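# Per-entry structural report
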Amino acid sequence: MSVYLDHAATTPIFDVAVKAMTDALTKVGNPSSLHTEGRSTRKDVEDARDLIAKAVGCLASEVIFTGSGTEADNAAIKGLFWKSDKKLIVISAIEHHAVLDPARWLVEHEGAELIEIPVNKNGVIDLDYLKDLVAKRGFEIALISVMHSNNETGVIQPIAEVVKIAGSIPVHTDAVQSFTKTPLSYKDLGVTSMALSAHKVGGPHGIGALILQRAYEIPALLHGGGQEREIRSGTLNAPAIVAFAAAAASKIYEASKVQELRERFEAGLRSSAPSAYINGVDAKRLPGISNVTFPGTQSDSLLLLMDSEKVSCSTGAACSAGVHRPSHVLLAMGHNEISAQSSLRFSLGANSTQADVDFALSVLPTVIERGRAANQI
Amino acid sequence: MKIIAAMSGGVDSAVAAARAVEAGHEVIGVHLALASNPQKYRSGARGCCTIEDSHDARRAADKIGIPFYIWDMAEEFHEGVVENFLAEYAAGRTPNPCLRCNEKIKFAAVLDRAKAMGFDGVVTGHYARTQIGPIGKTLHRAVDPLKDQSYVLAVLTTEQINGAIFPLGDTEKVDIRIEAEARGLAVAQKPDSHDICFVPSGDNAGWLRDRLGSEVGPIVDNTGNKIGEHKGAYTYTIGQRKGLGLTIPAADGSPRFVLKIEPVTNTVVVGAREELAVSKLMGEKTIWCGPPVDEKPRRGFAQVRAHGAALDCSYYFSGTQLVAELDKPLLGIANGQALVIYDGDRVVGSATICESA
């Protein structure tokens, strides 16, 4: 049997999304065209926008379709910075590269200053640090960005509190991992902007959304036809958009079922790998992610061995040549380089089963033993 | 068997992996990342340390239909090969980094890790053969004399040879390219790598100068008279004639050659061609690729360069040194070069030359 436990990287597309997408692919009509076909495709796109708005708790006019979650993050970080006359960017130390790298780019190329909010050993940001920072330098801050939940550990961040502390400072949140997995309401959180991605929720690759307050304009990344509020140009990818909406509205993902499986997995780990420990275990986490450190191993060996047992999981970050690098998220949580590179992420999805979990647990002891032996070399 | 295929991104290792699959082995492709910053050592299409090479290796694995991973061996490579290379030059010796890489990385770090992970061995695209006979599994020359790489593999112990598979030893390189083409491997026409993979420009002397400095020192004749100046002793090679920049001619007007490099005094010694000739080579750090030999001289062949000639010799082990007495004198031997002994086409063992006479 083969077991897929890397749903946080990407999760299988839902049947409803495949159907919506294939139906749309055979339809002609640019949603920006004024004729019958164009209007018909436009209607599909706007219906999809309504569904996504409803799923994320925002107005339809606040949904800006993008080519990916990464694009949505880039548009927000750069756009909010460019809109502001201030130079200080504040992000958490555990942001995804889609936020971290544009922020660093602004430091290198546009004179920004970057401050990272530290996290505690459970991977939750230090709100007191942020409070102090805002009290002392709030007038200099262009934007604050804290992800809704972390992609490596699943740890959920106190975004509502961040917004409260921020006051009038714009707040962006990368909610790519959280969307459909845990209660998420754009309106209730009160953030300025939010990033979403379709392929993490049972939709297709290559489509995401930036949720941005109505009438809040930011400079664009992509210029052209001005299709999405002049903030994002490019012909709307109608088939991907309708599939994204179909997946997001489907309620196929059952958080309580996934969480039960995760608990079964972690309980099994405690007996089959007693020296292993779960990162962020004492924090509120997404239902499906379990980030585990296996002392005395190297995660790339473990991944190879798990893969050859037909269990797919993840080591976290790799450089452009594919070499595994210690995770900045685990380092921020107090790991050293060695323990950060002894960790694997297992992530469950809508179609995960008890048999998947049990099979993964059954191969782990041998994998860990061999991984330890390889690490002695 | 379950084996790891070390895939550099070149044509040889790709065909070797494909042949191993065809032979019925369960094969997993691994590309070794040897530079922590992948373009630190070389840019361009050749060598074994670029992002492009890891991509080529991945595409070859896709084509062959095997899993593919990248193993980070940058630290091991730097310590075991690059630093050793610098230290040897700094000590006035002439090392061969490919031998060190085989000794420390491919058939040590990789093979050991593979075994610990439950694999039986490592397959590489080296041109060499192994045979199983009454004295166990032994290492032999490849059939293609121009590509034979048994010299750089002569650092493998019997145990390492037991865990090594060289599927290309029975084929000529030209046929490997044809086979790669037929297998649809995109690397079929990728140029061979010749230079030292971690010296990006191929400019060995310049690379050494950047790292070891270029301290000016004397060039002396063999009576100790200073007859010129050099810019960094380690950039010279034993036997080198050109580029010495000598303005004072020899008494008899004959050309002069580098005889000796003395790193401690930063001195280069030059002399006449005849003085370069040696007929006895002594090596330390002996590694046996099969049964060890004793003090009784045997007839065989000595080789001192990767693609050098097989020299008729008598060889024996003194108890501390591997000694080769050559039938015909040889010119320009540097300490640090590997002395490899063959019995016919079988590799007997190797040692690092520390003395010659």
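These numbers were taken from a predicted model, which means no experiment stands behind them. (Residues numbered from 1 in each chain as written. Chains lettered and ligands numbered in written order. Predicted model: local features only at pLDDT ≥ 70, side-chain atom pairs only at ≥ 80, totals over all residues. Heavy atoms only, no water.)

### Let's talk about the overall build of chain A
Our working rule: Secondary structure follows DSSP: runs of H or I at least 4 residues long count as helices, runs of E at least 2 residues long count as strands, and numbering of each begins at the N terminus. We take the radius of gyration over the C-alpha atoms and set the globule estimate at 2.2 Å times the residue count to the 0.38 power. Exposure classes here rest on a 1.4 Å probe applied to the protein chains alone. A residue is buried below 20% of its type maximum, exposed above 50%, and partly exposed in between. Should any heavy atoms of two residues lie within 4.5 Å, those residues are considered in contact. In short, Shrake-Rupley with a 1.4 Å probe defines the accessible areas, and a residue's cover is counted only from the protein chains shown. Note that His is not counted, nor are the chain ends; the positive residues are Lys and Arg, and the negative ones are Asp and Glu. We put the charge of a Lys on NZ, of an Arg on CZ, of an Asp on CG and of a Glu on CD.
When helices and strands are counted, chain A shows 13 helices and 12 strands. Since a compact globule built from 377 residues should have a radius of gyration of about 21 Å, the 21 Å found for chain A is in line with a globular shape. In terms of overall dimensions, chain A has C-alpha extents of about 65 × 55 × 35 Å along its principal axes. Counting across all 377 residues of chain A, residues that qualify as buried make up 56%. Intrachain contacts of chain A at a sequence separation of at least 6 include 72% that bridge at least 24 residues. For chain A, the exposed area adds up to about 15200 Å²; of that, 53% sits on carbon and sulfur atoms. In chain A, the 35 positive side-chain charges and the 41 negative ones have mean positions that sit 3 Å from each other.

### Focus: the confidence of the model for chain B
Put simply, the rule is: For every residue, the predictor assigns a confidence score, pLDDT, that lies between 0 and 100.
For chain B, mean pLDDT is 90; residues scoring 70 or higher make up 96% of the total. Long-range and interchain partners of residues 42-48 of chain B, a stretch whose pLDDT sits below 50, account for 24 contacts in this model, where long-range means more than four residues apart.

### Here we look at the side chain of His140(B)
Residue and element names in this part refer to chain B. So the rule is basically this: Pairing of N or O atoms within 3.5 Å defines a polar contact, subject to two protein rules: one partner must be a possible hydrogen donor and the other a possible acceptor, and residues neighboring in sequence count only if both atoms are side-chain atoms.
With respect to the helices and strands, the residue His 140 is situated in strand β6 (residues 136-141). Exposure remark for His 140: the relative accessible area of 5% places this residue in the buried category. Among the polar contacts listed, one links the side chain of His 140 to the side chain of Thr 138, at a separation of 2.7 Å. Only 2.8 Å separates the side chain of His 140 from the side chain of Asp 345, close enough to count as a polar contact. In this structure, His 140 is in contact with Ala 128, Arg 129, Thr 130, Gln 131, Ser 150, Asp 345 and Arg 346, ignoring residues within four places of it in sequence.

### Considering the side chain of Gln337(B)
All names here are of chain B. With respect to the helices and strands, the residue Gln 337 is situated in the loop between β15 (322-331) and β16 (338-343). The exposure class of Gln 337 is buried, given its relative accessible area of 9%. At 2.9 Å, the side chain of Gln 337 and the backbone nitrogen of Ala 334 are in polar contact.

### Thoughts on helix α1 (residues 11-22) of chain B
Residue and element names in this part refer to chain B. Spelled out, the test is: The length a helix should cover is 1.5 Å for every residue beyond the first.
Relative to the 16 Å expected for 12 residues at 1.5 Å per residue, α1 spans 17 Å between its end C-alpha atoms, a close match to the ideal helical length. For α1, the tally of buried residues reaches 10 of 12 residues, placing the bulk of the element in the interior. The set of residues buried in α1 consists of Val 11, Asp 12, Ser 13, Ala 14, Val 15, Ala 16, Ala 17, Ala 18, Arg 19 and Ala 20. In this fold, the buried residues of α1 make contact with β1 (2-6), β2 (26-33), α2 (51-64), β4 (121-123) and α7 (173-182). Two residues or fewer past α1, Gly 24 is found with a positive phi of approximately 100°.

### Structural notes on the nonpolar core
Heads up, the condition is: Each nonpolar core is a collection of buried residues, namely Ala, Val, Leu, Ile, Met, Phe, Trp, Tyr and Cys, held together in the definition by side-chain atoms within 4.5 Å.
Residues Phe294(A) and Trp71(B) are the most contacted members of the largest nonpolar core, which totals 66 residues. Top contributing element to this core by residue count: helix α13 (residues 354-375) of chain A, with eight residues. Leaving out residues up to four positions away in the same chain, Trp71(B) has contacts with Leu304(A), Ile4(B), Val30(B), His31(B), Leu32(B), Ala33(B), Val110(B), Arg113(B), Ala114(B) and Met117(B). Membership of the second largest hydrophobic core comes to 57 residues, among which are Ala53(A), Val163(A), Val242(A) and Ala340(A).

### Section: the pattern of salt bridges
The test is simple: Salt bridge, as used here: a side-chain nitrogen of Lys or Arg that lies within 4 Å of a carboxyl oxygen of Asp or Glu.
Using the criterion set out here, one finds 35 salt bridges over all chains in the structure. Measuring nitrogen to oxygen at the nearest pair gives 2.7 Å for the salt bridge that ties Arg42(A) to Glu46(A). You can see Arg42(A) and its partner Glu46(A) sitting in helix α2 (residues 36-56), four residues apart, about one turn around the helix. Since its relative accessible area comes to 27%, Arg42(A) is described here as partly exposed. Ionic contacts of the salt-bridge type, sharing partners, join the residues Arg19(B), Glu22(B), Asp170(B), Glu179(B) and Arg183(B) into one network.

### A closer look at the sheet that holds strand β12 (residues 343-347) of chain A
Sheet strands line up and pair through hydrogen bonds in the backbone, either parallel or antiparallel. Residues and elements named next belong to chain A. Going by this rule: Whether two strands pair depends on DSSP finding at least two bridges between them. To obtain each axis, a line is fitted to C-alpha atoms, and for helices this fit is confined to the stretch in contact; angles are then taken between N-to-C directions over 0 to 180 degrees.
Pairing is antiparallel across the open sheet formed by three strands, whose spatial order is β9-β10-β12. Only two strands of the sheet have a single neighbouring strand rather than two, namely β9 (277-278) and β12. Two elements, β9 and strand β10 (residues 289-293), share two bridges in a ladder whose sense is antiparallel. Within β10, the residue paired with Ile 278 across the bridge is Val 292. Together, β9, β10 and β12 form the strand contacts of helix α9 (residues 255-272), whose direction differs from that of β10 by roughly 15°.

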